[in-house]
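Summary of the model geometry
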Amino acid sequence: MLTFVLGIVAVLGGVGGGVLFVPIVGGFFPFHLDFVRGAGLLVALAGALAAGPGLLKKGLANLRLALPVGLIASSCAIVGAMIGLALPTNVVQTALGITIIGIVLIIVKAKKSEYPEVKEADALSSALGITGIYHEVSTGQDINWKIHRTLPGFLLFIVIGVMAGMFGLGAGWANVPVLNLLMGAPLKVAVSSSKFLLSITDTSAAWIYINNGAVLPMIVVPSIIGIMLGSMVGVRILAKTKPAAVRYIVIVMLSFAGLRALLKGLGIWT
């Protein structure tokens, strides 16, 4: 039941279910954090695979936007997973908490994030054909969009990939702010493309955890079933949800996950 709810909320927030799965299960269940992190990546991956086809069909996720950053992030996620398994648990959790809380502050202070103003597409995004149009059901309008600051965004996805593998949480918590606030993709496109992107990034990092024996079927199997069913429901809800509501969901989700990770890393909330 827990993972079913997480699957719904994860789609709306554009994050992998692992970003909530890991702090909740790691904090309230008697499993070693390495097993929880391994399961968290597979949970996020399952949710992304379940939601991806629906988001593509509805025109919300964009392949031209997701594939280039996916190639960069997935390569770096392998390195991040190796680093994460080598570092002490409390160091990883503290760093994760600080990172997510910082991202929340950026989202809160950002203006017009639902439909960012992009006056002109840059040369790199134009060359790659990264542009699109989607139908906003809540307003009945067709939204034409393009992106800018593509190169800085690509460079940031190197860092995102490393962090995704290191923390074992997928990377939706970082994908959405970069795609939306930096590169200028509309919030729904950023959220949807982020969800699709997780199916690429998480696969690379998950293999490292599997190869190191950090995956327990008794945790993974029931969690994946719940997350996939929840993600399918979440896709239907996302198309009819107002962009502003999605933004608040992202803020609440990331605030809880970041605070939980930080306090546990510091030994305050164990």
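Quick summary incoming for the structure in this document. (Residues numbered from 1 in each chain as written. Predicted model: local features only at pLDDT ≥ 70, side-chain atom pairs only at ≥ 80, totals over all residues. Heavy atoms only, no water.)

Take empty space enclosed by the protein next. Vacant regions in the atomic arrangement are exposed by a probe of water-molecule size rolled over the atoms. This model, assessed by the stated rule, comprises 2 cavities of 30 Å³ or more. In this structure, the second largest cavity encloses a volume near 50 Å³. Lining of the second largest cavity is provided by Ile107, Ser113, Val176, Asn180, Leu181, Leu187, Arg247 and Val250. Elements with a minimum of two residues in the lining of the second largest cavity: α8 (172-182) and α11 (243-265). (1 Å grid on protein atoms, 1.4 Å probe; cavity = no way out; pocket = protein on both sides within 12 Å on 5 of 7 lines; lining within 4 Å. Points joined across faces, edges and corners; volume = space filled by probe spheres on them. Helix = DSSP H or I, 4+ residues; strand = E, 2+ residues; numbered from the N terminus.)

A few words now on helix α3 (residues 33-57). Under the 1.5 Å per step criterion, the end-to-end length of α3 is 36 Å for 25 residues, consistent within 8% with the ideal 36 Å. Where α3 bends most, at alanine 51, the angle is about 35°, and the proline proline 53 comes one to four residues later. Of all 25 residues in α3, 18 are buried; the element is thus mostly enclosed. Positive phi shows up at glycine 59, right after α3, with a value of about 80°. (Expected span 1.5 Å × (residues − 1). Bend = angle between axes of the 7 residues up to and from the residue. Buried < 20%, exposed > 50% of the residue type's maximum accessible area, 1.4 Å probe, protein only.)

What follows deals with the packing of α3 against helix α9 (residues 187-211). Closest axis-to-axis distance for the α3/α9 pair is 7 Å, and the angle between their directions is 145°. Helix-helix and strand crossings are classified by hand; for α3 and α9 the assignment is left-handed. Of the residues assigned to the contact of α3 with α9, the class counts are 15 nonpolar, 6 polar and 4 charged. (Axes fitted to C-alpha atoms, helices over the stretch in contact; angles between N-to-C directions. Left-handed = near helix turned anticlockwise from the far one by under 90°. Nonpolar A, V, L, I, M, F, W, Y, C, P; charged D, E, K, R; others polar.)

On to the nonpolar core, then. Residues Phe21, Leu65, Phe157 and Met183 are the most contacted members of the largest nonpolar core, which totals 72 residues. If sequence neighbours within four positions are ignored, methionine 183 has contacts with Leu65, Val118, Ile147, His148, Arg149, Thr150, Gly153, Phe154, Phe157 and Val178. (Core = buried A, V, L, I, M, F, W, Y, C linked by side-chain atoms within 4.5 Å. Contact = heavy atoms within 4.5 Å.)

This paragraph deals with the side chain of serine 74. Looking at the element boundaries, serine 74 is found in helix α4 (residues 63-86). A distance of 3.3 Å separates the side chain of serine 74 from the backbone oxygen of leucine 71, its partner in a polar contact. Beyond its immediate stretch of four places on either side in the chain, serine 74 contacts Ile200, Thr201 and Ser204. (Polar contact = N/O pair within 3.5 Å; in protein donor to acceptor, adjacent residues only side chain to side chain.)

Next up on the list: the packing of helix α7 (residues 150-167) against α9. One can describe the packing of α7 onto α9 by two numbers: an axis separation of 9 Å at closest approach and a directional angle of 50°. Classified by the interaxial angle, the pair formed by α7 and α9 is oblique. Considering the relative orientation of α7 and α9, their crossing is right-handed. Of the residues in α9, those touching α7 at Phe157, Ala164, Gly165 and Met166 are Leu197, Thr201, Ala205 and Tyr209. (Parallel < 35°, antiparallel > 145°, perpendicular 65-115°, else oblique.)

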